[in-house]
Amino acid sequence: MASKTEQTEFRRALRHSRAGKARKRQLQNKGTTPAFPIHTPEADANAPHEARPKRED
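Not measured: the values here are computed from a predicted model.

A.B. asks: Explain the overall build of the chain here, please?
C.D. replies: Helix and strand counts for the chain come out as three helices and zero strands. Listed by position from the N terminus, the elements making up the chain come as α-α-α. The proportion of buried residues among the 57 residues of the chain is 4%. Carbon and sulfur atoms make up 53% of the accessible area of the chain, which amounts to about 6,100 Å² in all.

Structure below.
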């Protein structure tokens, strides 16, 4: 049987290693920035001429 000190140190180390794991996993999977459209027709219309996508006529 482990001593009380050994049990306490083990539990403390376990608690430290588990702290924030769920939050970190969620950030890894979903990220912090919400998804939003980058290339919208309005953004393309307001872009400078050089930055506009080439049209094939």
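Structure shown, so let's carry the discussion forward.
A.B. asks: Got a minute to help me understand helix 1 (residues 4–18) in this structure?
C.D. replies: A turn of α-helix holds 3.6 residues, and therefore any two residues three or four places apart point the same way. Taking 1.5 Å as the rise per residue, helix 1 with 15 residues should run 21 Å; its terminal C-alpha atoms sit 21 Å apart, in good agreement. Just beyond helix 1, the residue with positive phi is Gly20, at close to 80°.

Scoring rules and cut-offs
Residues numbered from 1 in each chain as written. Predicted model: local features only at pLDDT ≥ 70, side-chain atom pairs only at ≥ 80, totals over all residues. Heavy atoms only, no water. Helix = DSSP H or I, 4+ residues; strand = E, 2+ residues; numbered from the N terminus. Buried < 20%, exposed > 50% of the residue type's maximum accessible area, 1.4 Å probe, protein only. Areas by Shrake-Rupley, 256 points an atom, 1.4 Å probe, with all protein chains shown as cover. Expected span 1.5 Å × (residues − 1).

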